[in-house]
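Spelled out, the chains give:
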Amino acid sequence: MANNVLSPSQTRDWGFCPLYWYLRRERWSPTRVGFKEAAAIVGSGFAAGVASYNHLRISSGSKPSGDMVDAVVGTGKEVANYHITSLVKDHRPDDKFDATAILTDVEAALYYYIENDPFDLSWKILDAELTLPNHGNARIDLGVETPDGVLAVVDYKVKMNLQARWYDAEVNKYMWDHSMYHYAWGYGEQKERTVERYYIGLLVLRPIKSFKLHPYTIHPQSLQDWKHFAENSWDAMATHREHPELLTRNPAHKNEYGPCPF
């Protein structure tokens, strides 16, 4: 195992821009918050609620209903509200950061997911919101055994707005997703089994609410290749951590959300 394993989020930040990664590690943050931060909080609230729901499934062996569902939604909103409070304490929200709308979206997302839970009782729900301490403290949303006996990892994604014409492109971009290979590697080692598949559970809120589970096959050679290149990245990140004077700033300094916030 690599000595310098870092989480998927840190590796993704470094891949976007080493300087951006360094500033995030030093707890720098933009002074204004807006849509991107609001969407992230909706995702966090949804993740917390779904984790609570799946933990109840694991402990009871059945799908929660009634008051338990309301409690699950309450958990998600509580987590979202905590993040809202923490963020606005130190930042200036713009007109795209609406606390009431965030909580409404968390509630709508959770009720919709629970109503359309794709995992019937033929699936074994093994782990929910599980941290992998020996693999960069990566945290998987869900570990399952499929009806055909395959060990798989599930990652939930929430899109605030996704037009139908862009849906397939959104699904395809996770084909070689770094995080999912990281989760498959770490979870497989923890379970001492091979993770053969991962799923993206894609929840879209607007313009039409939908939830679909998308499967992706992990070939052992692809996983081996991913690990080789990931270890090279972690070694480079360790060098940057020890020698910040070697940091670089990527020339293409923007992503799908716009220019770098720094």
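Residues numbered from 1 in each chain as written. Predicted model: local features only at pLDDT ≥ 70, side-chain atom pairs only at ≥ 80, totals over all residues. Heavy atoms only, no water.

*Asks:* Please clarify how the nonpolar core should be interpreted in this entry.
*Replies:* Residues F46, F97, Y113, F119, L142 and Y156 are the most contacted members of the largest nonpolar core, which totals 34 residues. Residue assignment for this core shows that the elements contributing at least two residues are α3 (35-60), α4 (67-90), α5 (99-115), β3 (124-132), β4 (138-145), β5 (151-159) and β6 (195-204). The contact partners of Y156, leaving out residues within four places of it in the chain, are F46, V50, N54, Y113, F119, D141, L142, G201 and F211. Counting residues in hydrophobic clusters, the runner-up holds 33 residues, among them V153, V171, W185 and W226. (Core = buried A, V, L, I, M, F, W, Y, C linked by side-chain atoms within 4.5 Å. Buried < 20%, exposed > 50% of the residue type's maximum accessible area, 1.4 Å probe, protein only. Helix = DSSP H or I, 4+ residues; strand = E, 2+ residues; numbered from the N terminus. Contact = heavy atoms within 4.5 Å.)

*Asks:* How do you make sense of the sheet that holds β3 when you look at a structure like this?
*Replies:* As a general point, the strands of a sheet are linked pairwise by backbone hydrogen bonds and lie either parallel or antiparallel. The sheet built from five strands is open, its strands ordered β3-β4-β5-β6-β7 with mixed pairing. The sheet terminates laterally at β3 and β7 (210-217), the two strands that pair on one side only. This sheet shows a mean twist of 30° between the axes of neighbouring strands, independent of strand direction. Looking at chain direction, β3 and β4 are connected through seven bridges and run antiparallel. In the strand pairing of β4, K124 is matched with E145. Taken strand by strand, helix α7 (residues 178-191) contacts β3, β4, β5 and β6, and its axis lies near 105° from that of β3. (Pairing = 2+ DSSP bridges. Axes fitted to C-alpha atoms, helices over the stretch in contact; angles between N-to-C directions.)

*Asks:* I tried to follow the pattern of salt bridges on my own but got confused; where do I start?
*Replies:* Where charged atoms from two side chains of opposite charge come close, those side chains can pair. What the rule picks out here adds up to 14 salt bridges. Across the pair D117 and R57 runs a salt bridge whose closest N-O atoms are separated by 3.1 Å. Residue D117 is located in the loop between α5 and β3, and its partner R57 is located in helix α3; the two are separated by 60 residues in the primary sequence. Using a relative accessible area of 5% as the deciding quantity, one classes R57 as buried. Among the ionic pairs, E145 bridges to R193, the shortest N-O distance being 3.0 Å. Placement of E145 in strand β4 and of R193 in the loop between α7 and β6 is noted, with a sequence separation of 48 residues between them. (Salt bridge = Lys/Arg side-chain N within 4 Å of Asp/Glu carboxyl O.)

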